[in-house]
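# A structural walkthrough
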Amino acid sequence: MSAVRNTVGRGKEPTPQDRGGPASDAALREYCDENYNQLLSIIAEKFNKEKEKNEKLKEDSGGGHWKSRSKRKKSSGEEEDLSQPWACEEIDPFTPRIRYFDFSKTRMPSHIKTYDGSEDLEDHLKIFQATAKTERWAMPTWCHMFNSTLTGNARVWFDDLLAESIDNYDDLKKAFLENYLQQKKCIKDPIEIHNIKQRVGESTEDFVRRYKLERRDVKGAPECMRISGFVHRITNPELIKRLHDKILKIVDEMMRVTTSFLRGEVAASNHEQKKSFPPWKQQEGNQKQNFKKRRLPKPAKAGKEA
């Protein structure tokens, strides 16, 4: 308070309190009353500076996540350069040194397939790593290119990783193997094949696709159990009759019969749709067919000329 008194009350005779002596409450109250306006402006200025400092610190830290730093407001005179490469803001499992590495000129070879979590993960890794070595990619490029192969459940897994938890390809490979090898260990009992059944409202085609995926987790079930489980869990009576009409011995044969049946259903559905066309549309179609069937008269041979 003595510093304030020296600033505001400059020109006045120094009091004992100004010389470092203790000031009574009454003297301080009297001083504040006399210099209220000057003290108020000083306090307001100090409060505003502290507020700006705290807001800047909060904006820079962003709660400890890099994402908030990109939201820093630009000054009124600074314009955004729209010609620069742009990416939407999202939580990224890669650390900044991997995330901001420039790999824009790198192209994925055509023989590298996507991975959705349903195929053999070790085969996918071996093929990808062999290609990365041949292409002589930098380590951050390994990370970005492997990430670009992930789809479906594998993409969901990657997006759920902790922010900035992947600092190199070894981290990514380790997390990938730990997740999918753990799933691979969860082998279901063979009897579980009978629990794969068609759901209410689920089409036969969708059930067949799901059955193929879920049966991979059931190891040790004999062919007859797999066939029985499938036949007794579908709800299409025509397909059930078709499967019962033939003595099926292997699952692949059962799937061939099922695929053939589904294709027939699609063809029949298309035929019914054509029948539902208005009469003028059917007549127009018949005219086109008749026109195609017309044949031009054959030219007369040279020997038969008059």
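Residues numbered from 1 in each chain as written. Predicted model: local features only at pLDDT ≥ 70, side-chain atom pairs only at ≥ 80, totals over all residues. Heavy atoms only, no water.

The protein chain is annotated in an unreviewed UniProt entry as Reverse transcriptase domain-containing protein of Tanacetum coccineum.

Another point: the overall build of the protein chain. For the protein chain, the helix and strand inventory stands at 13 helices and zero strands. Reading the secondary structure of the protein chain in the N-to-C direction produces α-α-α-α-α-α-α-α-α-α-α-α-α. Counting all 306 residues of the protein chain, 24% fall into the buried class. Sequence separation of at least 24 residues holds for 62% of the intrachain contacts in the protein chain that already meet a minimum separation of 6. (Helix = DSSP H or I, 4+ residues; strand = E, 2+ residues; numbered from the N terminus. Buried < 20%, exposed > 50% of the residue type's maximum accessible area, 1.4 Å probe, protein only. Contact = heavy atoms within 4.5 Å.)

Turning to the side chain of asparagine 236, a few remarks are in order. Tracing the backbone shows asparagine 236 in the loop between α10 (223-231) and α11 (237-245). Of note is the side chain of asparagine 236, whose polar atom sits 3.3 Å from the side chain of glutamate 265. When residues no more than four places from it in sequence are discounted, the contact partners of asparagine 236 are Gln198, Thr204, Phe261 and Glu265. (Polar contact = N/O pair within 3.5 Å; in protein donor to acceptor, adjacent residues only side chain to side chain.)

What follows covers the nonpolar core. Judged by nonpolar contacts, the single largest core of 23 residues is most densely connected at Phe146, Leu150, Trp157, Tyr169, Leu172 and Phe176. The element contributing the most residues to this core is helix α8 (residues 169-185), with five residues. Every residue in contact with tyrosine 169, bar those within four places of it in the chain, is listed here: Leu125, Phe128, Gln129, Met139, Trp142, Cys143 and Phe146. Listed in part, the 20 residues of the second largest apolar core include Ile193, Phe230, Leu248 and Met254. (Core = buried A, V, L, I, M, F, W, Y, C linked by side-chain atoms within 4.5 Å.)

Further remarks concern the confidence of the model for the protein chain. Atom-level detail of predicted coordinates should not be read off regions where pLDDT is low. Here the protein chain averages 75 in pLDDT, while 68% of its residues score no lower than 70. Note on residues 1-11: pLDDT is under 50 here. Beyond four places in sequence and across chains, it has 14 contacts. For residues 61-76, every residue scores under 50 in pLDDT, and the model assigns this stretch 19 contacts once sequence neighbours within four places are set aside. (pLDDT = per-residue confidence, 0-100.)

Looking at the secondary structure, you find threonine 114 in the loop between α4 (96-99) and α5 (121-135). Take threonine 114: its relative accessible area is 54%, and that puts it in the exposed class. As a C-alpha pair, threonine 114 and asparagine 147 span 33 residues in sequence and 9.7 Å in three-dimensional space. Excluding anything up to four places from it in sequence, threonine 114 contacts His124, Thr149 and Thr151.

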